[in-house]
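Results of the structural survey
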Amino acid sequence: KQEVTQIPAALSVPEGENLVLNCSFTDSAIYNLQWFRQDPGKGLTSLLLIQSSQREQTSGRLNASLDKSSGRSTLYIAASQPGDSATYLCAVTGANSKLTFGKGITLSVRP
Amino acid sequence: NAGVTQTPKFRVLKTGQSMTLLCAQDMNHEYMYWYRQDPGMGLRLIHYSVGEGTTAKGEVPDGYNVSRLKKQNFLLGLESAAPSQTSVYFCASRTARGTDSANTEAFFGQGTRLTVV
């Protein structure tokens, strides 16, 4: 059974700091890994998708990396802003087509 | 461009009542999923479907039934609602390009907030 872990559950940083959010998964037989953002009371917004054959993807100030063999992914946020405050979730798509989520990291960026 | 639409957005049920949540996607996606999100538990998969007429159990299927009679719609039913089913329900869909699922981004609806009293 695939398990996805995100630690810590919450993180508070001052504005302008570069930060890394971690995601680990137990079964390396994945098709892809996706990072989402969720604002309070809202749905999930896709940030980045990394295919299993890729090492990283970039979008603006966001960079996601994937090390499939070690079961790890990181989401790097450069020059954090208060508007980045949200919960960040990672999810992996397995060979059985299931999409399995971590519990998320709640990020607070202090002005 | 609607994407994934969930109906209703909010609902309050009494214990024992039944209801159906509708998920509709206009992207011609093959795969559809129903999740529930609870504080401290993350998103847990209830049921999913890999194509029209097919469904499969996820992590927490008990108390729920699903149907996928049309490719664009995935229905989640609660036959006899219980307070433990109070949650936020999310639907998602993604395409399957042949046998290569690597480049298939999942899209989510805005959620249905269900309270069972």
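Structure shown above.
Description of the structure in this document. As the structure is a prediction and not an experimental result, all values here were calculated from the model.

Thresholds, definitions, all that
- Residues numbered from 1 in each chain as written.
- Chains lettered and ligands numbered in written order.
- Predicted model: local features only at pLDDT ≥ 70, side-chain atom pairs only at ≥ 80, totals over all residues.
- Heavy atoms only, no water.
- Pairing = 2+ DSSP bridges.
- Helix = DSSP H or I, 4+ residues; strand = E, 2+ residues; numbered from the N terminus.
- Buried < 20%, exposed > 50% of the residue type's maximum accessible area, 1.4 Å probe, protein only.
- Polar contact = N/O pair within 3.5 Å; in protein donor to acceptor, adjacent residues only side chain to side chain.
- Phe/Tyr/Trp six-rings, centres within 6.5 Å; stacked < 30°, edge-to-face > 60°.
- Axes fitted to C-alpha atoms, helices over the stretch in contact; angles between N-to-C directions.
- Contact = heavy atoms within 4.5 Å.
- Buried area = accessible area lost by both parts, 1.4 Å probe.
- Salt bridge = Lys/Arg side-chain N within 4 Å of Asp/Glu carboxyl O.
- Disulfide = S-S within 2.5 Å.

**Overview of the sheet that holds strand β1 (residues 4-5) of chain A**
All names here are of chain A. The five strands lie next to each other as β1-β3-β8-β7-β6, forming an open sheet whose pairing is antiparallel. Each edge of the open sheet carries a strand with a single partner, namely β1 and β6 (56-59). Taken together, the two bridges between β1 and strand β3 (residues 19-25) define a ladder with antiparallel strand orientation. Bridged to T5 within β3 is S24.

**Remarks on the environment of B:W34**
All names here are of chain B. Within the element layout of this structure, W34 appears in strand β4 (residues 31-38). Of the residues examined, W34 reaches a relative accessible area of 0% and is grouped as buried. Linking W34 and C91, residues 57 residues apart in sequence, is a C-alpha distance of 4.6 Å. Within polar-contact distance, the side chain of W34 engages the backbone oxygen of F74 at 3.3 Å.

**Regarding the environment of A:L107**
Structurally, the position occupied by A:L107 is in strand β11 (residues 105-110). Distance from A:L107 to A:A86, taken between C-alpha atoms, is 5.4 Å for residues 21 residues apart in sequence.

**Side note on the pairing of strand β5 (residues 42-49) of chain B**
Residues and elements named next belong to chain B. Across the eight residues that make up β5, a large majority, eight, are buried. Looking at chain direction, β4 and β5 are connected through seven bridges and run antiparallel. Paired with D38 across the bridge in β5 is G42.

**Details of the packing of aromatic side chains**
Remark: the centre distance and the inter-plane angle together describe each pair of aromatic rings, the angle taken between the planes. Using the criterion set out here, one finds eight aromatic pairs over all chains in the structure. When the ring of A:F101 is compared with that of B:Y35, the centres are 5.4 Å apart and the planes differ by 85 degrees; the resulting orientation is edge-to-face. Of the two residues, A:F101 is situated in strand β10 (residues 99-101) and B:Y35 in strand β4; the pairing between them involves two chains. Overall, A:F101 belongs to the buried group, its relative accessible area being 7%. Judged by centre distance (5.7 Å) and plane angle (80 degrees), the ring pair of A:F101 and B:F108 falls under edge-to-face. Here A:F101, found in strand β10, pairs with B:F108, found in strand β10 (residues 107-108), and the two come from separate chains. For the pair A:F101 and B:F108, one class covers both residues: buried. Through successive ring pairs, a cluster of aromatic residues spans A:F36, A:F101, B:Y33, B:Y35, B:Y48 and B:F108.

**Quick notes on the sheet that holds strand β8 (residues 73-78) of chain B**
All names here are of chain B. What the four strands build is an open sheet, ordered β1-β3-β8-β7; its pairing is antiparallel. One side of each edge strand has no neighbouring strand; the edge strands of this open sheet are β1 (4-7) and β7 (65-67). This sheet shows a mean twist of 20 degrees between the axes of neighbouring strands, independent of strand direction. In this sheet, strand β3 (residues 19-25) lies alongside β1 in antiparallel orientation, the contact comprising four bridges.

**Details of the interface of chain A and chain B**
The interface is formed by 21 residues belonging to chain A together with 25 residues belonging to chain B. With both sides pooled, the region where chain A packs onto chain B buries about 1,900 Å², and carbon together with sulfur makes up 53% of that total. Interface area lost by chain A to chain B is led by A:L44, A:S97 and A:L99, which between them contribute 25%. Of the charged contacts in the structure, one is a salt bridge between A:K1 and B:E59, with a shortest N-O distance of 3.9 Å. Only β4 (30-38), β5 (44-51), β9 (86-94) and β10 of chain A provide two or more residues apiece to the side of chain A that touches chain B.

**Focus on the state of the cysteines**
Covalently bonding the sulfur atom of one cysteine to the sulfur atom of another cysteine gives a disulfide. All names here are of chain B. As enumerated under the stated definition, the model contains two disulfides over all chains in all. Note on cysteine connectivity: C23 is disulfide-linked to C91, with sulfurs 1.8 Å apart. Since a negative S-S torsion denotes a left-handed disulfide, the C23-C91 link at about -75 degrees is left-handed. Here C23, found in strand β3, pairs with C91, found in strand β9 (residues 87-94); they are 68 residues apart in sequence, far enough to count as distant. Using a relative accessible area of 0% as the deciding quantity, one classes C23 as buried.

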